[in-house]
Every structure is written in structure tokens, then in C-alpha cells.
Amino acid sequence: MDKETIKRELHTIFGDCEGNIIAAETAVCPEMAGLQMFEEPIVGFGAADDTLFVRYKEEGVIGPWHMTPCQWLPEAVTVISLFFPFTEKVRKDNRKSCDGPAPAWLHGRIEGQEYIAAYMKELSLWFTAQGVKNCVPAADDRFQKVMSGKGMAAYPDLDEHIFGSNWSERHAAYVCGLGTFGLSKGIITRKGMAGRFGSIIIDAALEPDERPYKGIYDYCTKCGACVRRCPVDAISLDKGKDHNICGEWLNKTREIYAPRYGCGLCQTKVPCEERIPEKRQV
Ligand code: SF4
Ligand code: SF4
């Protein structure tokens, strides 16, 4: 097993896996029929025993509930992180919005996540067929989310400001060299921040990718554009993002746009939407 073989398979699955195009029957409006949500993913490889995964367990980083790659898969050797950038159509639609998600973004958030789940399942099956043990944490029965401190069975009394899960796609992406965090807490990759992540842990040894950064916010210029884009003032230059305010707004969008929800205004019409902002290019 080598990286080139895996990259070829990622390309094949991207071509074969259904669900990246919105069907007329599920489109929120006729213009959305035929919408392609994602461009081909970019990939990063990290070591399962990278010490950052242990640091993520510290209070104030993520927390002790965050599971290391070896907790997900005892034979873990490599973590593979994928970033699926939204297509220009999805990004452009959301750029025009200023008080709620555009229809294309709603599709990208919901049907887009379903597509990534299907993609990761295909990838998992392919690895298994190659004799490679693997685990997709987000699809695993042990995967748990925590919202306002609630939802983690073994940690019933978490602080109400805690949001996340026991496997963070964004933190895995950071380890795998895909990018750094931005003020709005998304990951800024070389294809920008507007998109979704997936990851898989495998027992095959592959050279980890070099991380072309040192600090967790290296790619963020602190330009404040995401602060100005947020419709509910959930982001500030001095305090970063308030997940509670953002979460409350997302809950409201569930009522307005049911069965979909989303926002992502802080990821569009900003300098880090589709690239690493200028002056910080590496
Ligand atoms: S919009 Fe500016 S401040 Fe916000 S995450 Fe992007 S680069 Fe950082
Ligand atoms: S921080 Fe939350 S509420 Fe604000 S723009 Fe981003 S996704 Fe929307």
C-alpha cells in the first residue's frame, strides 16, 4: 500500500460514488436540481501516534473524551484526512446571503454530509478488500457528539460551553497537514475553508505529510471578515467564536429550513473561503 495507490482510489471513488449531484426530486427549488456540491477532495496523511492526538485529550484543548486513533482502531498506524471543497456554485450562492443559508449551502450541509458518509463507506470497503484494517470514526457506533455540554454518555456534567465530538475532523486535518484553524474555528486549507471533512484510520504504514505550519492559527490573518459576516455576532476578534451563540442560531435555522439547517456565512465572502489568505501563503 502506498500513497499514490490510495490517491488513485480516492479519485476513482469521487467519480463513482453517487450523491454529489442533487436530484430533481430532492432539490429545495428547481434551480438546485443538478447541483454538484463538492469538488474532488484534497488529502493529508498523519501518524496515528502523533503526540498531538494525546494533547487533544487535555482540558481546554478538546478534552479527555476525545479518542486517539488507537482507541478507535488498536492497530492504527496512519490517519487519512480528506477535505471536500464546496463547488463555486455552492460558495457563490452563500456569498450572496447575509441573514441565512442559501439553498445550495443547505444542500451542501445535509445531502453533502450524506454524500461524504457514502464516500467514506466506499473507501472503507476498498481498504478492507486490500486487507487493510480501518475505522471511520464518524461512522462508528462509538461516535458521540456533545452540544452545550450534553450528549457524551461517560461525561454527563460537562460545561455548557462545550461543543464537539469524540473525534474531531478538523483537529485530524490539522495533524495531517491540511491546514490551520481560523478565527471562526474552521480549518483553512489550500482550497479554503468552505467545505466538509472526512477521515479514516488504517493499519498500513505511510509516511506522514509534513505540516507546513507551526501554530494553530498560522493561516488566519485575523482580518475580521468572518466577524462581520456572522448574522448573530458569534465571532469576535478578541474572544474568537462563541459556540453557544452559533449553536442557537443553527437551531433556529432548523426551524426555518426544516428538514435542513446550516449557516456557513463565516466561510463565504471571506478571504479564506477558497484559499489561504494572501500574505500567509506558504
Ligand atoms: S475571515 Fe479572516 S479572520 Fe476570519 S478565519 Fe478567515 S482569515 Fe481568519
Ligand atoms: S459563527 Fe455560526 S452563526 Fe456565525 S456565521 Fe459562522 S456558522 Fe453562522
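Before reading on, note that the structure itself is shown above.
Residues numbered from 1 in each chain as written. Chains lettered and ligands numbered in written order. Predicted model: local features only at pLDDT ≥ 70, side-chain atom pairs only at ≥ 80, totals over all residues. Heavy atoms only, no water.

Visitor: Sorry if this is basic, but what is going on with the pattern of salt bridges here?
Guide: A pair can form between side chains of opposite charge whenever their charged atoms are brought close. Scanning the model with the defined rule gives 12 salt bridges in all. Notably, a salt bridge pairs glutamate 111 with arginine 260, separated by 2.5 Å at the nearest N-O pair. Of the two residues, glutamate 111 is situated in helix H5 (residues 103-129) and arginine 260 in the segment after helix H8 (243-257); the sequence distance between them amounts to 149 residues. Each member of the pair glutamate 111 and arginine 260 is classed as buried. Connected via shared salt-bridge partners are Glu39, Arg91, Arg95, Glu273 and Glu274. (Salt bridge = Lys/Arg side-chain N within 4 Å of Asp/Glu carboxyl O. Helix = DSSP H or I, 4+ residues; strand = E, 2+ residues; numbered from the N terminus. Buried < 20%, exposed > 50% of the residue type's maximum accessible area, 1.4 Å probe, protein only.)

Visitor: When you look at the sheet that holds strand S2 (residues 78-85) in this model, what are you seeing that I'm missing?
Guide: Hydrogen bonding along the main chain pairs the strands of a sheet, whether they run parallel or antiparallel. With antiparallel pairing, 4 strands are arranged side by side in an open sheet as S1-S2-S8-S3. With partners counted over all chains shown, the strands left at the sheet margins are strand S1 (42-47) and strand S3 (134-135), one partner each. Helix H1 (residues 3-16) contacts S1 and S2 of the sheet and is inclined by roughly 140° relative to S1. Lying on the sheet, H5 is in contact with S2, S3 and strand S8 (195-202); it crosses S8 at an angle near 20°. (Pairing = 2+ DSSP bridges. Contact = heavy atoms within 4.5 Å. Axes fitted to C-alpha atoms, helices over the stretch in contact; angles between N-to-C directions.)

Visitor: Can you walk me through the site of ligand 1 in this structure?
Guide: Taken together, 13 residues sit near ligand 1, with Leu183, Cys220, Cys223, Cys226 and Cys272 positioned nearest. Across the shell around ligand 1, the residue classes tally to 8 nonpolar, 4 polar and 1 charged. (Near = heavy atom within 4 Å. Nonpolar A, V, L, I, M, F, W, Y, C, P; charged D, E, K, R; others polar.)

Visitor: When you look at the packing of aromatic side chains in this model, what are you seeing that I'm missing?
Guide: Two numbers describe a pair of aromatic rings. These are the distance of the centres and the angle of the planes. A full pass over the atoms with the stated rule returns 16 aromatic pairs. Ring centres 4.8 Å apart and planes at 45° place the aromatic pair phenylalanine 83 and phenylalanine 197 in the tilted group. Taken together, the positions of phenylalanine 83 in strand S2 and phenylalanine 197 in strand S8 put the pair 114 residues apart, joining distant regions of the chain. Since its relative accessible area comes to 11%, phenylalanine 197 is described here as buried. Of the aromatic side chains, those joined through ring pairs into one cluster are Phe38, Phe84, Phe86, Trp105, Tyr115 and Tyr119. Seen from the ring of tyrosine 261, arginine 254 lies directly overhead, with NZ or CZ sitting 3.8 Å from the centre. (Phe/Tyr/Trp six-rings, centres within 6.5 Å; stacked < 30°, edge-to-face > 60°. Lys NZ or Arg CZ within 6 Å of the ring centre and 35° of its normal.)

Visitor: Got a minute to help me understand the environment of glycine 149 in this structure?
Guide: Note on placement: glycine 149 falls in the loop between strand S4 (145-146) and strand S5 (164-165). Classification of glycine 149 by relative accessible area gives buried; the value is 1%. C-alpha of glycine 149 to C-alpha of glutamate 114: the two residues are 35 residues apart in sequence and 25 Å apart in space. When neighbours within four sequence positions are excluded, glycine 149 is seen to be in contact with Tyr155, Pro156, Leu158, Asp159, Glu160 and Ile162.

Visitor: What is the right way to look at the environment of aspartate 238 in this model?
Guide: By the secondary structure assignment, aspartate 238 is in the loop between strand S9 (235-236) and strand S10 (240-241). Residue aspartate 238 is classed as exposed on the basis of its relative accessible area, which comes to 67%. Residues aspartate 238 and threonine 68 lie 170 residues apart in sequence; the distance between their C-alpha atoms is 31 Å. Of the polar contacts made by the side chain of aspartate 238, one reaches the side chain of serine 236; its length is 3.1 Å. (Polar contact = N/O pair within 3.5 Å; in protein donor to acceptor, adjacent residues only side chain to side chain.)

Visitor: Help me understand the side chain of glutamate 9, please; the structure alone is not making it clear to me.
Guide: Summarising the element assignment, glutamate 9 is placed in helix H1. For the buried residue glutamate 9, which engages in no salt bridge, the nearest side chain bearing the opposite charge is arginine 8, 7.7 Å off. Side chain to side chain, glutamate 9 and tryptophan 126 meet in a polar contact 3.4 Å long. (Lys, Arg positive; Asp, Glu negative; His and termini not counted.)

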